[in-house]
Number of protein chains: 2
Amino acid sequence: MVGISDVARHAGVSTATVSRALSGNGPVLAATRIRVESAARELGYVPSSNASSLASGRMKNIGVVVPFLNRWFFASVVEGAQSALQRNGYDLTLYNLTGGTEARRSVFEHFLLRQRVDAVIAVSLELTENEVTRLHALGKPLVGVGGPLLGVPTLTVDDIAVARLATEHLITLGHTRIAHIGGDKAFDLDFNLPTNRRFGYQAALAGAGIEVSPELYKPADFTMRGGYQAAKQLLGSPHERPTAIFAASDEMAIGCILAARDLGLVVPRDVSVIGVDDHEQAGFFGLSTVAQFPEAQGEKAVEILMNELQAGSAGVADAGTGALNTSMPFELIVRDSTACPPS
Amino acid sequence: MVGISDVARHAGVSTATVSRALSGNGPVLAATRIRVESAARELGYVPSSNASSLASGRMKNIGVVVPFLNRWFFASVVEGAQSALQRNGYDLTLYNLTGGTEARRSVFEHFLLRQRVDAVIAVSLELTENEVTRLHALGKPLVGVGGPLLGVPTLTVDDIAVARLATEHLITLGHTRIAHIGGDKAFDLDFNLPTNRRFGYQAALAGAGIEVSPELYKPADFTMRGGYQAAKQLLGSPHERPTAIFAASDEMAIGCILAARDLGLVVPRDVSVIGVDDHEQAGFFGLSTVAQFPEAQGEKAVEILMNELQAGSAGVADAGTGALNTSMPFELIVRDSTACPPS
DNA sequence: GCCCATGCTGCAAGCGTTTCCATAAACAGT
DNA sequence: ACTGTTTATGGAAACGCTTGCAGCATGGGC
């Protein structure tokens, strides 16, 4: 292994100077810096991050905890975070909690406390107060993505507003019999996501003076199959059939479209469908939707952490950690699955 | 921070003994171990992995490099690897190469060389010889998932056999006009995956004495849209229409099913469709397919690495690193998208 | 009863950086 | 010319753990 002392010898300076020259901490004569840099390049020297971390207390590594990885949303958040971190010279160590309670405990009791990460990003995770305090006690910044976390800076899209936007789009088109397919209570990963979207839906209806009829709401799994089955029920009986469906996710919405087709209905002529996410397959199905931008959320989370880490090292008190909850953008995307109701 | 010396004092032993007691390296009297363990628990001591790594040379961390993350296959491999690593007390640091050439360079020149990982798993990545040598020079075991890598233990499914299995399933059902939708050349991520699947398809036909007609092959994107468009062309003209389609991926196959429906054809009555992957949505669409098991691949990769790391530390020469290419299982899954051809 | 294994334990030397402090050099002000 | 600053550099002490080596009991064989 080529260590810092090799570089030092090669460049005719001390290890202290090499460290300063390469890290940019502390004053170094321009000429010296150049000598050191070329020596390092010549020897193919790469600093050992362990030694560096041990000595400096900075890990240059941040932990990302997700409940699952093979869902489009989570994977995209992680991907966004990864690129952003890489640009900042940070590593990303990934923890997923698929393993259940045991995995979760082990992540929090063991992995995150080992001084291996400078901070953590929790994606769609409802942390217990204990878990939060624990991390704070170690002085590790924490940011949440999706869902407000008590006392933790968090990125969220305003689910109520999202749902309202989608529903209002349908209302604007002239629909009045608008159904909603939401998540059932069991799907509690994402905080109150299902509930909030339902609220937004109801608020939009109320705002337009449309009565909210309970038979137009169907809870379902957050999957195509869930959406499909719910839509089958909603659209099954021709009398009193809704003319539009707002599904709480794109996958569900796609399920709706397929169900409609199977029932011989044409989307959007007979029934309009709108979802939420702008899932990668939304375009293919011509699905109108409200986009949220998971990569951007990952990147933003990183940005916040970088600021906090910098502030922390600058000795700034934990005072103005900024707005605790920063609201992420969303956007109505109209494709071919929504139109005026049949006359 | 509560360090090892605090625990030592608390338990009335030396730091050396604490280290041995908690890590299990070296002999410790049972009574002592218990004293140490309870002291550690009481103080909430967690060893600093940096210090530990620096002193021992073991990082307890392995790097996983993927080209993308938000694709089902990659995410699943990573998820499998993550769980397996967690069970072994290892961290997973993730690198994705979405950033393009620059990202790739920075990963290999910088990140992986910093003594932060004990080994690396490369998923569907054609590493250059330089990259491989570089890692080997550092003594870092490397295993590839998907696609043989020169001189590197690799997990692959036999794509030719997979394609043959799928095609033979169709042949067994009585089909003779069997089309294939494969990947185009540009899709070179996965080594020769498209080509191999095409070979397997042709081999199966040849084996059954069926002529391979070029107009029954369509290259396309590895997406639903790609499969949809290709299927539209294949199924468009009623005369000489194929009675079955073997698509090189489930997403493409789903596209086929949708295309068939849009053309007024019933699957599998008018046309059978089979894919490859057992994608999470295959079940919903009733798609017959050849499953490969990405999580299992991730886990297996970890298993191989664990063995190699152990062997390495045992001072075993690099001799019998085992079969360089271990073949992963696959399995025909028959659902409702394949049946006998129309008579 | 003595000596030699045997098995636990403690001492202390690293591991490869960073950073505090001291030193030295260079320069400005008087 | 002399002190007072300022700036670049080197020496050396951390950082928190692991591990080789030596020491010291303890127990068994003769």
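Remember, it's a predicted structure, so these values are computed and weren't measured experimentally.

Q: How should I be thinking about the protein's contact with DNA strand D in this particular structure?
A: The environment of DNA strand D is formed by 25 residues, the closest being Pro 27 and Thr 32 of chain A together with Ile 4, Ser 19 and Arg 58 of chain B. Here, DNA strand D places atoms within 4 Å of the protein, and 69% of those atoms are sugar or phosphate. Here a phosphate oxygen of DNA strand D sits 3.5 Å away from a polar atom, N or O, in the main chain of Ser 48 of chain B. Of all the secondary structure elements, the ones that give two or more residues to the surface near DNA strand D are helix H2 (15–23) and helix H4 (49–56) of chain A together with helix H2 (15–23) and helix H4 (49–56) of chain B. The element that contributes the greatest number of residues to the surface near DNA strand D is H4 of chain B, accounting for four residues. Of the residues belonging to the surface near DNA strand D, the class tally is 13 nonpolar, nine polar and three charged.

Q: It is not clear to me how helix H6 (residues 101–109) of chain A should be interpreted in this structure. Could you clarify?
A: Think of an α-helix as turning once every 3.6 residues; residues three or four places apart then point the same way. All of the buried residues along H6 of chain A are Ala 103, Ser 106, Val 107 and Phe 108 of chain A. Lining the buried residues of H6 of chain A we find strand E2 (91–96) and helix H7 (129–137) of chain A together with helix H5 (72–87) of chain B.

Q: I'm lost on the relation of the copies chain A and chain B in this one. Help?
A: Note that the two copies of the chain are related through a rotation about an axis and a translation along the same axis. The transform that puts chain A on chain B rotates by 180° and translates by 0.1 Å along the axis, for an RMSD of 0.2 Å. Such a combination of turn and shift is consistent with a two-fold rotation axis. Across chain A, the rotation axis passes nearest the C-alpha of Thr 93 of chain A, at a separation of 2.0 Å.

Q: Quick question: what am I supposed to make of the interface of chain A and chain B here?
A: Much of the literature gives interface size as the accessible area that the parts lose upon coming together. The partner chain B presents 54 residues to the 54 residues of chain A that form the contact. Roughly 4700 Å² of surface becomes buried between chain A and chain B when both sides are summed, with 51% attributable to carbon and sulfur atoms. For Arg 261 of chain B, the salt bridge identified is with Asp 262 of chain A, shortest N-O distance 3.6 Å. Inspection of the region where chain A meets chain B yields 32 residue pairs in polar contact (both at pLDDT 80 or more). Among the elements that make up the side of chain A that touches chain B, the one with the highest residue count is helix H5 (residues 72–87) of chain A (seven residues).

Q: What is the right way to read the packing of aromatic side chains from this model?
A: Think of a pair of aromatic rings as described by two things: how far the centres are apart, and how the planes are tilted against each other in angle. Enumeration over the complete set of coordinates arrives at eight aromatic pairs over all chains. Here the aromatic rings of Phe 73 of chain A and Phe 74 of chain A are separated by 5.8 Å at their centres, their planes lie at 80°, and the arrangement is edge-to-face. The pair formed by Phe 73 of chain A and Phe 74 of chain A is uniform in burial state, with each residue classed as buried. On the basis of an interplanar angle of 75° and a centroid distance of 5.4 Å, the ring pair of Tyr 228 of chain A and Phe 284 of chain B is categorised as edge-to-face. Of this pair, Tyr 228 of chain A sits in helix H10 (residues 224–236) while Phe 284 of chain B sits in the loop between strand E9 (272–277) and strand E10 (288–292), placing the two residues on different chains. In this pair, the class of Tyr 228 of chain A matches that of Phe 284 of chain B, namely buried. A cation over an aromatic ring shows up here: Arg 198 of chain A above the ring of Tyr 217 of chain A, its NZ or CZ 3.7 Å from the ring centre.

Q: Looking at this structure, how should I read the confidence of the model for chain A?
A: Any residue range with low pLDDT should be treated as having predicted coordinates unsuitable for detailed reading. Residues with a pLDDT of 70 or more make up 95% of chain A, whose mean pLDDT is 90. Overall, residues 316–320 of chain A carries pLDDT values under 50, and its contacts beyond four positions in sequence, including any with other chains, amount to one contact.

Q: I tried to follow the environment of Val 120 of chain B on my own but got confused; where do I start?
A: Residue and element names in this part refer to chain B. Positionally, Val 120 belongs in strand E3 (residues 119–123). Judged by relative accessible area, which is 1%, Val 120 ranks as buried. Separated by 27 residues in sequence, Val 120 and Thr 93 have C-alpha atoms that sit 9.4 Å apart. Apart from the residues within four sequence positions on either side, Val 120 is in contact with Gly 63, Val 65, Leu 112, Leu 135, Pro 141, Leu 142, Val 143 and Leu 305.

Q: Where do I start with the side chain of Lys 218 of chain A in this structure?
A: Residues and elements named next belong to chain A. In this fold, Lys 218 is placed in strand E7 (residues 217–220). With no salt bridge to any partner, buried Lys 218 finds its closest opposite charge in Glu 215, at an N-O distance of 8.7 Å. Every residue in contact with Lys 218, bar those within four places of it in the chain, is listed here: His 180, Ile 181, Gly 182, Ala 230, Gln 233 and Leu 234.

Q: Looking at this model, I keep getting lost on the pairing of strand E1 (residues 61–66) of chain A. Mind explaining?
A: Regular strands place side chains that alternate from one sheet face to the opposite one. All names here are of chain A. Most of E1 sits inside the fold, with six of its six residues counted as buried. Along E1, one buried face is formed by Asn 61, Gly 63 and Val 65 and the opposite face, lined by Ile 62, Val 64 and Val 66, is buried too. Alignment of E1 against E2, held across six bridges, turns out to be parallel. Within the sheet, the bridge partner assigned to Asn 61 lies in E2 and is Asp 91. Bridge count between E1 and strand E3 (residues 119–123): four bridges; the pairing is parallel. Paired with Val 65 across the strands is Ala 122, a residue of E3.

Q: Would you explain helix H3 (residues 30–43) of chain A in this entry?
A: Residue and element names in this part refer to chain A. An ideal rise of 1.5 Å per residue puts 20 Å on 14 residues; H3 measures up with 20 Å between its terminal C-alpha atoms. Here H3 has its buried residues at Thr 32, Val 36, Ala 39 and Ala 40. One side of H3 carries all its buried residues, which in axial view fall inside an arc of 100°. Turned more than 90 degrees off the buried face of H3, the exposed positions are Ala 30, Ile 34, Arg 41 and Glu 42. On its buried face, H3 is in contact with helix H1 (4–11) and H2. Following H3 by one or two positions, Gly 44 adopts a phi angle in the positive range, close to 65°.

Q: I'm lost on the domain arrangement of chain A in this one. Help?
A: Residue and element names in this part refer to chain A. Segmentation of chain A into domains returns domain 1 (4–47), domain 2 (61–157 + 295–327) and domain 3 (159–292). Measuring from the centre of the C-alpha atoms in domain 2 to the corresponding centre in domain 3 gives 31 Å. In this assembly, 14 residues from domain 2 lie in contact with 12 residues from domain 3. Roughly 1100 Å² of surface becomes buried between domain 2 and domain 3 when both sides are summed, with 63% attributable to carbon and sulfur atoms. Summed over the shared surface of domain 2 and domain 3, the number is zero salt bridges.

Q: Even after reading the chapter, I still don't get the environment of Glu 251 of chain B, so can you show me in this structure?
A: With respect to the element layout, Glu 251 of chain B can be found in helix H11 (residues 250–262). For Glu 251 of chain B, a relative accessible area of 18% corresponds to the buried category. With 50 residues separating them in the primary sequence, Glu 251 of chain B and Tyr 201 of chain B have C-alpha atoms 18 Å apart. Residue contacts for Glu 251 of chain B: discarding those within four places in its chain leaves Gln 281 of chain A together with Phe 222, Thr 223, Met 224 and His 279 of chain B.

Q: Please clarify how the protein's contact with DNA strand C should be interpreted in this entry.
A: Inspection of the region around DNA strand C gives 25 residues, with Ile 4, Ser 19 and Arg 58 of chain A together with Thr 17 and Thr 32 of chain B positioned closest. Looking at DNA strand C alone, sugar and phosphate atoms form 66% of those within 4 Å of the protein. At 3.5 Å from a base nitrogen of DNA strand C is found a side-chain nitrogen or oxygen belonging to Arg 20 of chain A. A distance of 3.4 Å is found between a base oxygen of DNA strand C and a backbone nitrogen or oxygen belonging to Ala 55 of chain B. No other element matches the four residues that H4 of chain A contributes to the surface near DNA strand C. When the residues that make up the surface near DNA strand C are grouped by side-chain class, the tally is 13 nonpolar, nine polar and three charged.

Analysis parameters
- Residues numbered from 1 in each chain as written.
- Chains lettered and ligands numbered in written order.
- Predicted model: local features only at pLDDT ≥ 70, side-chain atom pairs only at ≥ 80, totals over all residues.
- Heavy atoms only, no water.
- Near = heavy atom within 4 Å.
- Polar contact = N/O pair within 3.5 Å; in protein donor to acceptor, adjacent residues only side chain to side chain.
- Helix = DSSP H or I, 4+ residues; strand = E, 2+ residues; numbered from the N terminus.
- Nonpolar A, V, L, I, M, F, W, Y, C, P; charged D, E, K, R; others polar.
- Buried < 20%, exposed > 50% of the residue type's maximum accessible area, 1.4 Å probe, protein only.
- Contact = heavy atoms within 4.5 Å.
- Least-squares fit on C-alpha atoms with pLDDT ≥ 70 in both.
- Buried area = accessible area lost by both parts, 1.4 Å probe.
- Salt bridge = Lys/Arg side-chain N within 4 Å of Asp/Glu carboxyl O.
- Phe/Tyr/Trp six-rings, centres within 6.5 Å; stacked < 30°, edge-to-face > 60°.
- Lys NZ or Arg CZ within 6 Å of the ring centre and 35° of its normal.
- pLDDT = per-residue confidence, 0-100.
- Lys, Arg positive; Asp, Glu negative; His and termini not counted.
- Pairing = 2+ DSSP bridges.
- Expected span 1.5 Å × (residues − 1).
- Arc of directions from axis to C-beta.
- Domains from an automatic or database assignment.

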